[in-house]
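Read off the chains here:
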Amino acid sequence: MIKNAKTRSITTLAKWIENDNNKIKDVVGIRKRRKNVYKSLAAILLIVLFLIWNGTIEIGIRGYSIETDTRNSANIENSWNVSKETADAMSAMIFYAEDLEDYRFSIYVNRPGLSLGWFFRSGGSLPEIEESIAEISIEDYEESAFVSMNKQQVCKVVIEDDKSTTTWNLDSEKPFSYVIPNRNTSVTFYDVNGKVIESTPC
């Protein structure tokens, strides 16, 4: 009986030791996996930083900062009003004084590929914006922007494609900026008298 008890004790002790060894192996394995994950993340971070450094990846500004960035870079007064429209890859803005005697426009794009954020593409003033409706298209982008000081008192824009027709009302007394997602879409502007106002490609 004593011999059997000793044998059982030794067997139990051996199992405990074996279980402890397995636990230790598990802990060591987890630590190794964590180290491998950390090494992989560090390598990815270094690659990203290198791509940013050599210009392969460019970092712009966040979407909600576009208006502020334009006001700061172009020295636009905070008292100026703004009409802005942002789509997936293009943002158009027109800033104007209360008396409509002066204005600035700005176009930002969200570049495809290895880039993050929004980038300034065009801005300032154009005769087409002041006298009519400027249709601004940018190479490699499907979207187009329509920007105007609205001297023609445009009050409505009708957008047509193969699937639907959409009508948007505009304030005939204020400048506007509008972005359509596909430059092949039909866009027609109407003034307060129902007359079609043509846009001018820029």
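Residues numbered from 1 in each chain as written. Predicted model: local features only at pLDDT ≥ 70, side-chain atom pairs only at ≥ 80, totals over all residues. Heavy atoms only, no water.

*Asks:* Sorry if this is basic, but what is going on with the pairing of strand E8 (residues 144-148) here?
*Replies:* Both faces of the sheet carry side chains from a regular strand, because those side chains alternate between them. For E8, the buried fraction is high: five of the five residues fall into the buried class. What you see with E8 is no split at all: Ser144, Phe146 and Ser148 on one side and Ala145 and Val147 on the other are buried throughout. Where strand E7 (residues 133-137) and E8 come together, four bridges link them in antiparallel fashion. Within E8, the position partnered with Glu135 by the bridge is Phe146. Adjacent in sequence and paired antiparallel, E7 and E8 are bridged by six residues, among which Asp140 carries a positive phi angle near 75°. (Buried < 20%, exposed > 50% of the residue type's maximum accessible area, 1.4 Å probe, protein only. Helix = DSSP H or I, 4+ residues; strand = E, 2+ residues; numbered from the N terminus. Pairing = 2+ DSSP bridges.)

*Asks:* Explain the nonpolar core here, please?
*Replies:* Generally speaking, soluble globular proteins have nonpolar side chains that are buried together. Core analysis: the largest hydrophobic core is formed by 18 residues, its most contacted members being Met90, Ile107, Ile129, Ile136, Ala145 and Val147. Those elements that place two or more of their residues in this core are strand E3 (90-96), strand E4 (103-109), E7 and E8. Ignoring anything within four residues of it in the chain, the contact list for Ala145 reads Met90, Ala92, Ile107, Ala134, Glu135, Ile136, Tyr178 and Val179. Counting 11 residues, the second largest nonpolar core, distinct from the first, contains Phe146, Val157, Ile159 and Phe189. (Core = buried A, V, L, I, M, F, W, Y, C linked by side-chain atoms within 4.5 Å. Contact = heavy atoms within 4.5 Å.)

*Asks:* Help me understand the side chain of Glu143 in this model?
*Replies:* Of note, Glu143 is situated in the loop between E7 and E8. In terms of polar contacts, Glu143 uses its side chain to reach the backbone amide nitrogen of Asp88, at 3.2 Å. One polar contact links the side chain of Glu143 to the main-chain amide nitrogen of Ala89, over a distance of 3.1 Å. (Polar contact = N/O pair within 3.5 Å; in protein donor to acceptor, adjacent residues only side chain to side chain.)

*Asks:* Looking at this structure, how should I read the sheet that holds strand E2 (residues 81-86)?
*Replies:* Whenever strands of a sheet pair, they do so through backbone hydrogen bonds, lying parallel or antiparallel. The sheet built from four strands is open, its strands ordered E2-E3-E4-E6 with antiparallel pairing. The open sheet has two edge strands, E2 and strand E6 (119-124), and neither has a second partner. Taking the axes of each pair of neighbouring strands and ignoring which way they run, one obtains an average angle of 15° across the sheet. Across the sheet, helix H2 (residues 66-73) is in contact with E2, E3 and E4; its angle to E3 comes to roughly 50°. (Axes fitted to C-alpha atoms, helices over the stretch in contact; angles between N-to-C directions.)

*Asks:* Please clarify how unusual backbone geometry should be interpreted in this entry.
*Replies:* In most cases, non-glycine residues show a negative phi, while peptide bonds are predominantly trans. At Asn75, a position not held by glycine, the phi torsion is positive, near 55°. Given the relative accessible area of 70%, Asn75 is considered exposed. A positive phi angle, near 60°, is found at Gln153, a position not held by glycine. Following the sequence through the fold, Gln153 ends up in the loop between E8 and strand E9 (154-160).

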